[in-house]
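# Structural description and commentary
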Amino acid sequence: GAGSRRGGDGPGEGPAGGASVSGHAIDALNLIPSAHTPTGKLLHCVDFLERVSAHFSARFEGQSIDADTLLVMVCQHVVAADIAQLHAEVSFIEDFSRDNQLLSGKEGYALITLKASLHYLDSLDKLPDELYSNFTRR
């Protein structure tokens, strides 16, 4: 079912704060460990990010998504997916990707965004409420 929005769109609050997470995006994120090559894992990262973005577009049509909003949404999905070895998966992609082309463009952006979300989540002593808000999968 659809989750309800919480809070407003005041300073520092984007529309993503109360957005439910996308089950399709979480499914894509959960496929990363099952891929056996860095390229396969990276393609699941791209699929994940595209699904998060599509989810945002469907929920908040007409609004553009900036990097900060995307990062919050990626963090929400990472927390909701709860993948045990996600740091190791990201390190594997970085360490064994031989093709620099693969680490640029949308593939590179997807990897850097996922890394940034993990770095942000690691830096927190306690998860903010907005990362828990409305984990209703759609």
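Residues numbered from 1 in each chain as written. Predicted model: local features only at pLDDT ≥ 70, side-chain atom pairs only at ≥ 80, totals over all residues. Heavy atoms only, no water.

### Notes on the overall build of the protein chain
Of the regular secondary structure elements, the protein chain holds five helices and zero strands. When the helices and strands of the protein chain are placed in sequence order, the string is α-α-α-α-α. Counting only residues that meet the buried cut, the protein chain has 41% of its 138 residues in that class. Across the protein chain, contacts joining residues at least 24 apart in sequence account for 77% of those joining residues at least 6 apart. Summed over all atoms, the accessible surface of the protein chain reaches about 7,500 Å², with 51% contributed by carbon and sulfur. (Helix = DSSP H or I, 4+ residues; strand = E, 2+ residues; numbered from the N terminus. Buried < 20%, exposed > 50% of the residue type's maximum accessible area, 1.4 Å probe, protein only. Contact = heavy atoms within 4.5 Å. Areas by Shrake-Rupley, 256 points an atom, 1.4 Å probe, with all protein chains shown as cover.)

### Quick look at the nonpolar core
The tendency in soluble globular proteins is for nonpolar side chains to be buried side by side. With 30 residues, the main nonpolar core has Leu29, Cys45, Phe48, Val74, Val78, Leu86 and Leu114 as its most contacted residues. What Leu86 contacts, discounting residues up to four positions off in sequence, is Leu29, Val78, Leu114 and Leu118. (Core = buried A, V, L, I, M, F, W, Y, C linked by side-chain atoms within 4.5 Å.)

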